[in-house]
Amino acid sequence: MRSIVKRLLSLSLFTLLITFSCFVLLLLLPGDPVLTLLNIDELSATPEQIEAARRELGYDQPLLVQYVRWLQDILTLRLGNSLQTGRPVIEMLLESYLVTAELALGGLTIALLIALPLGIGSALTTRQSVVRLAHLVSMSGAAVPGFWIGLLLVDLFAVRPGGYL
């Protein structure tokens, strides 16, 4: 039990360290986030307007206060609005989540349709050729990056359907 608590504590500290590092790196990016968020440039806004926006958005607070507020927003799923579309980010994530789940389910189905017959066939036979084929297919599947297979399948089925035959 103590080992589990120790690992959970380590995981929590590691997660805080990673999120803090990402937060600081985002702040170090070139450009002024206030001007970007307000979609204005320095010439069309007075310094007073920019400073008021900084106060309203909390960018005048110390770094740790900003980080804690950002972390609270992330944990409570208050992700704000997209800078490009103005729509709530959580809505956009939920829309894409359904498509992602559909793709993952399709990939899992295809993987099972290939893996189950190969696994059953290699378990039920004593022929080395079947066992070696199953091993070759499984090792190839593990060695080739998923995004590469995805690109090849998109090319095969969407860009040039039937073009390879």
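Residues numbered from 1 in each chain as written. Predicted model: local features only at pLDDT ≥ 70, side-chain atom pairs only at ≥ 80, totals over all residues. Heavy atoms only, no water.

Novice: Tell me about the overall build of the chain, residues and numbers included.
Specialist: The number of helices and strands found in the chain is seven helices and zero strands. Over its C-alpha trace the chain gives a radius of gyration of 25 Å, far above what one expects of a compact globule, namely 15 Å for 165 residues. By its C-alpha atoms, the chain is 80 × 55 × 25 Å across when sized along the principal axes. Expressed as a percentage of its 165 residues, the buried residues of the chain come to 8%. Partitioning the intrachain contacts of the chain with sequence separation of at least 6 by distance along the chain shows that 31% fall at a separation of at least 24. For the chain, the accessible surface area stands at approximately 13600 Å², while carbon and sulfur atoms represent 70% of it. Placing the 11 positive and 12 negative side-chain charges of the chain at their respective mean positions leaves the two points 22 Å apart. (Helix = DSSP H or I, 4+ residues; strand = E, 2+ residues; numbered from the N terminus. Rg over C-alpha atoms; globule rule 2.2 N^0.38 Å. Buried < 20%, exposed > 50% of the residue type's maximum accessible area, 1.4 Å probe, protein only. Contact = heavy atoms within 4.5 Å. Areas by Shrake-Rupley, 256 points an atom, 1.4 Å probe, with all protein chains shown as cover. Lys, Arg positive; Asp, Glu negative; His and termini not counted. Charge placed at Lys NZ, Arg CZ, Asp CG, Glu CD.)

Novice: Account for the nonpolar core, with residues named and values stated.
Specialist: Formed by Val34, Leu35, Ala45, Ile50 and Ala53, the largest nonpolar core amounts to five residues. For this core, the secondary structure elements donating two or more residues are helix H2 (33–38) and helix H3 (47–57). (Core = buried A, V, L, I, M, F, W, Y, C linked by side-chain atoms within 4.5 Å.)

Novice: So what's going on with the environment of Thr19? Residues and values would help.
Specialist: Residue position: Thr19 is located in helix H1 (residues 2–27). The contact partners of Thr19, leaving out residues within four places of it in the chain, are Tyr67, Trp70 and Leu71.

Novice: Please provide a residue-by-residue account of the side chain of Gln66, values included.
Specialist: Within the element layout of this structure, Gln66 appears in helix H4 (residues 63–75). Reaching out from Gln66, the side chain makes a polar contact with the backbone oxygen of Tyr59 at a distance of 3.5 Å. Apart from the residues within four sequence positions on either side, Gln66 is in contact with Phe23, Leu27, Gly58, Tyr59 and Gln61. (Polar contact = N/O pair within 3.5 Å; in protein donor to acceptor, adjacent residues only side chain to side chain.)

Novice: Break down the packing of aromatic side chains for me, citing the residues and quoting the values.
Specialist: Evaluation of the coordinates by the stated rule reveals four aromatic pairs. For the pair Phe20 and Tyr67, a centre-to-centre distance of 5.1 Å together with 90 degrees between the ring planes defines the contact as edge-to-face. Taken as a pair, Phe20 in helix H1 and Tyr67 in helix H4 lie far apart in primary sequence, 47 residues in all. Look at Phe20 and you get partly exposed, because its relative accessible area is 26%. The class of Tyr67 is buried, set by a relative accessible area of 7%. Taken together, the ring pairs connect Phe20, Phe23, Tyr67 and Trp70 into an aromatic cluster. (Phe/Tyr/Trp six-rings, centres within 6.5 Å; stacked < 30°, edge-to-face > 60°.)

No statement about biological role is implied by the geometric values presented.
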